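Structural features, examined
Residues per chain are reported as follows:
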Amino acid sequence: MKPTGPIPPGFATIAGELAVGGLTASALVEEAGGTPLFVYSRDMILARISALRAAMPARLKIHYAMKANPYRDLLGFMLELVDGLDVASQGELAKAIATGTTPDKVSFAGPGKRDEELRFAIHLGATLNLESANEAERALRIAGEAGIMPRLAIRVNPDFEMRGSGMKMGGGAKPFGVDAAEVPALARRIVDAGAEWRGFHIYTGSQALDADAVIETQGNVLELAARLAGEAGVDVPHLNMGGGFGIPYFDKDQPLDIARVGAALDARFASLPPVLQDTEFAIELGRYLVGEAGIYLARVVDRKVSYGVTYLVTDGGLHHQLAASGNFGTVVRRNYPVAVANRFGAEPEEEVNVVGCLCTPLDRLADAALLPRADVGDLIAVFCAGAYGASASPAEFLGQGPAREMLV
Ligand SMILES: *Cc1c(COP(=O)(O)O)cnc(C)c1O
């Protein structure tokens, strides 16, 4: 037997079934028109953001990194709840605008921005988080040709990274951001060129569950921003402090203690260096806001035994849930939380492998999981499916097509 991850709190049971937004899994599938299906819960997202705001200093803005889940209905809902949106491509920017956000609430980071993407963002008035000196020059030239004052921030490649972070994105050679040592000169260049200077973006990693690591990193981020601004002789209108708040996916993962993180940040905000005293601070979060509020439902198509091992073969798989299959940035495959959705809370009876319908051994949703007995027609739920699911999986692979999605 291999353990499965912890089922996020907040899900209901109705008539013996997993329920979201007052509807049973079977009813959700019927309403959506079939499986595989992602279901995202408004109530759970709302509760998460309320709790986060209660824990964080009032002064801290909360941004949504839309790459975590760009599903249109969910994005529209998020826009009402957060203070800003972080996008990473022209496509995301266009979608954010189409969904009703105003460009002044959007910042655009990401390496490899093409001229047309820079032009699009500059014409809209979105903030560009510049990833290199080259990109800065291109942005200044494009803005100059158009006679527009661009809103420019520098994404800093910090000389440290977050301890215990799932995906390391700072400290050493990186395609992201401008090396800290080169930032002061570039900041001066941007200010001297007459652009609207927006400050710094310092992103240090992702999927952190250790409050001490987050607290330490936020301290380092504030220190670095103050030092760089001092060296450049510029102010810091806005500081995007990164995010990296993680969620428990696997057995023994403990939720991040946001009360401690918030209290520590409160204390830091109370004794800021002069150069940061008027700064607007933001964190950018993806999975923490939406990850636990989503489930992925797949139907059992076949049940078979091979050399004594029971397989539940579903109509879902890694083409929608690459992360749960263990093929999206994990070193050792571990089980996400899973359940038999139409027998939610029933006693576990047997050890099974839950697999997808793709013809590859990579397509696993749960290994040696202890579950209630499930047969053809039953529904399997994979939890923690609200972030990096549909949009971060190869939906075209093996021609099974995309999943349905709904927000309830
Ligand atoms: C991916 C990304 C995020 C969101 O990461 P989560 O782990 O989902 O919170 C935030 N900022 C940047 C720059 C990113 O690349």
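Above this text you will find the structure in question.
Description of the structure in this document.

About the criteria used
Residues numbered from 1 in each chain as written. Predicted model: local features only at pLDDT ≥ 70, side-chain atom pairs only at ≥ 80, totals over all residues. Heavy atoms only, no water. Pairing = 2+ DSSP bridges. Helix = DSSP H or I, 4+ residues; strand = E, 2+ residues; numbered from the N terminus. Near = heavy atom within 4 Å. Polar contact = N/O pair within 3.5 Å; in protein donor to acceptor, adjacent residues only side chain to side chain. Areas by Shrake-Rupley, 256 points an atom, 1.4 Å probe, with all protein chains shown as cover. Axes fitted to C-alpha atoms, helices over the stretch in contact; angles between N-to-C directions. Parallel < 35°, antiparallel > 145°, perpendicular 65-115°, else oblique. Left-handed = near helix turned anticlockwise from the far one by under 90°. Contact = heavy atoms within 4.5 Å. Buried < 20%, exposed > 50% of the residue type's maximum accessible area, 1.4 Å probe, protein only. Lys, Arg positive; Asp, Glu negative; His and termini not counted. Salt bridge = Lys/Arg side-chain N within 4 Å of Asp/Glu carboxyl O.

1. Focus on the sheet that holds strand S1 (residues 12–14)
- One open sheet holds the three strands; their spatial order is S1-S2-S3, and the pairing between them is antiparallel. Of all the strands in the sheet, the pair left with one neighbour each is S1 and strand S3 (23–24).

2. Observations regarding the site of the ligand
- What surrounds the ligand is the set Ala65, Lys67, Arg155, His201, Tyr203, Ser206, Glu284, Leu285, Gly286, Arg287 and Tyr388.
- Side-chain polar atom of Tyr203 to an oxygen atom of the ligand: 3.4 Å apart, as the coordinates give it.
- Taking 390 Å² as the accessible area of the ligand by itself, protein coverage stands at 91%.

3. Quick word on the packing of helix H8 (residues 211–232) against helix H9 (residues 258–270)
- At a minimum axis separation of 9 Å, H8 and H9 run at an interaxial angle of 25°. It follows from the interaxial angle that H8 and H9 lie roughly parallel. You can see that H8 and H9 cross each other, and the crossing is right-handed. Counting all contacts with H8, which are made through Ala211, Asp212, Val214, Ile215, Gln218, Gly219 and Leu222, the residues of H9 involved are Arg260, Val261, Ala264, Leu265 and Arg268.

4. With respect to the environment of Leu365
- As for its placement among the helices and strands, Leu365 is situated in strand S20 (residues 364–371).
- Residue classification places Leu365 among the buried residues on the basis of a relative accessible area of 0%.
- Here the alpha-carbon distance between Leu365 and Glu116, two residues 249 residues apart in the chain, equals 40 Å.
- Setting aside its immediate chain neighbours within four residues, Leu365 contacts Thr314, Gly317, Gln321, Ala324, Arg333, Asn335, Val338, Val354, Val355 and Val382.

5. Details of the side chain of Asp86
- Tracing the sequence through the fold places Asp86 in strand S6 (residues 84–87).
- Buried within the structure, Asp86 lacks any salt-bridge partner; its nearest side chain of opposite charge belongs to Lys67, at an N-O separation of 9.2 Å.
- Within the structure, Asp86 has its side chain in polar contact with the side chain of Ser107 (distance 2.4 Å).
- Setting aside anything within four residues of it in sequence, one finds Asp86 in contact with His63, Tyr64, Ala65, Met66, Glu92, Ser107, Asn240 and Glu284.

Remember, this is a structural readout, not a statement about activity or role.
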